[in-house]
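Secondary and tertiary structure notes
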Amino acid sequence: MAGLRASRRIGDLTFQEIGTALRASSILCLPLGSMEQHGPHLPINTDCVLAEALTARIVERWGEEHDLWQLPSLPFGLSREHAWAAGTLSFSVAGMTAYLRDLGSEIVRALPARNLLVVNGHGGNRGMLEAVGRELRGDFGLNLCSLHLGAMLGDDPSAVVPEIHAARDETSLMLALAPHLVRRELLPVGPSADAGAIRGFVLDPAVSWPWSSDDRRIARDGVIGDASAASAEHGHAIVARVTEVVGAVLRRLREGA
């Protein structure tokens, strides 16, 4: 029993333990992923694997100091940009809105905690989380923020093309956290496309395009970026950096942002 009580996973508690283990100031940590193509070398659950693994690292590092509790992962998100590929499963915007609102309502009904950290493993979920996050705060009284892992991985100025999808950073993280799932023999060689096209269609802050990862102008075999320089060492360095940086976010969240 002592081992179970040492767990900071909500699902490991009994219903009688919820009221004594959690307080209003506790922070719930929700891993949010997606089921979508990640090139020939990574599995379709890559974003789920990374979101859950990094959430676990965050809870392990900061759980006692900030009273963190890990919720079960949500494995689906908004992935229509990858809908051309077999295995990609995506919510509609309306479906994901309803799902997140129902979850927010249930958290308030069923748990004492009123702080929520969403650990988002898929860049395509960001706009939705920003919009629905305001509703979860205003309509249900949840104090929350979303941590977007893709934006935290860093921008390598030496990269030939920008890191967008299934490239060096994501592949390195998978080599560090779930190496058995990486098809090393299928790692792409060289950059996926022209850097200018990627910046124009994906990264332009002034213009939004409904881009797709089967567009040969920006992608090759579903990869946007260059996975050839991926390494487990680089992945471990990302994990260490992200885990430490989150400490400041957690302090701000507990202060009410």
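A brief report on the enclosed structure follows. Because the structure is predicted, anything quoted here is derived from the model rather than measured. Per chain, residue numbering runs from 1 following the sequence as it is written. Per-residue local features of the predicted model are confined to residues with pLDDT of at least 70, and side-chain atom pairs are confined, for both listing and counting, to 80 or more; whole-chain, interface and lining totals are unaffected and use all residues. Heavy atoms throughout the structure, all of them, feed into the side-chain values; hydrogens and water do not.

**Re the overall build of the protein chain**
- A tally of regular secondary structure across the protein chain gives nine helices and four strands.
- Strands here are runs of E lasting at least two residues and helices are runs of H or I lasting at least four, both read from the DSSP assignment and numbered beginning at the N terminus. Helices and strands in the protein chain line up, N terminus first, as α-α-β-α-β-α-β-α-β-α-α-α-α.
- Whereas a compact globule of 257 residues would reach a radius of gyration of roughly 18 Å, the protein chain reaches 19 Å, a difference of no more than 12%.
- Here the analysis covers contacts within the protein chain between residues at least 6 apart in sequence; of these, 78% occur between residues at least 24 apart.
- The method behind every accessible area is Shrake-Rupley, applied with a 1.4 Å probe, and residues are considered shielded solely by the protein chains displayed. When the accessible surface of the protein chain is totalled, it reaches about 12,100 Å², and 56% of it is carbon and sulfur.
- In the protein chain, 24 positive and 30 negative side-chain charges are present, and the distance between their average locations comes to 4 Å. It is over C-alpha atoms that the radius of gyration is taken, and the globule rule equals 2.2 Å times the number of residues to the power 0.38. Between two residues, a contact is recorded if the distance between any of their heavy atoms is within 4.5 Å. As used throughout, the charge tally considers Lys and Arg to be positive and Asp and Glu to be negative, leaving His and the chain termini uncounted. Each charge is placed at NZ for Lys, CZ for Arg, CG for Asp and CD for Glu.

**Focus on the environment of valine 49**
- Secondary-structure assignment places valine 49 in helix H3 (residues 46–66).
- Under the relative-accessibility criterion, valine 49 is labelled buried at 18%.
- C-alpha of valine 49 to C-alpha of glutamate 244: the two residues are 195 residues apart in sequence and 20 Å apart in space.
- Here valine 49 is in contact with Met174, Ala178 and Leu181, once residues within four sequence places are set aside. Residue exposure (1.4 Å probe, protein chains only): buried if accessible area is under 20% of the type maximum, exposed if over 50%, otherwise partly exposed.

**Some thoughts on the nonpolar core**
- To form a nonpolar core, buried Ala, Val, Leu, Ile, Met, Phe, Trp, Tyr and Cys residues must be joined to one another through side-chain atoms within 4.5 Å. Leu68, Leu117, Leu147 and Leu250 are the most contacted members of the largest nonpolar core, which has 33 residues in total.
- Of all the elements in the fold, those that place two or more residues in this core are strand S1 (27–32), H3, strand S3 (115–120), helix H6 (149–152), helix H7 (168–177) and helix H9 (232–254).
- With seven residues, H9 is the largest single contributor of residues to this core.
- One finds Leu30, Leu74, Leu100 and Leu111 within the second-largest nonpolar core, a separate group that totals 25 residues.

**Structural notes on the sheet that holds strand S2 (residues 68–70)**
- When DSSP finds at least two bridges between two strands, those strands are taken to pair. Read from one edge to the other, the open sheet built from four strands follows the order S2-S1-S3-S4, with strand pairing classed as parallel. The open sheet has two edge strands, S2 and strand S4 (143–148), and neither has a second partner. Averaged over all adjacent pairs, the angle separating strand axes in this sheet is 25°, with direction ignored.
- Where H3 meets the sheet, its contacts fall on S1, S2, S3 and S4, and the angle it forms with S2 comes to roughly 155°. Convention adopted: a line fitted to C-alpha atoms gives each axis, helices being fitted over their contacting stretch, and angles between N-to-C directions are expressed from 0 to 180 degrees.

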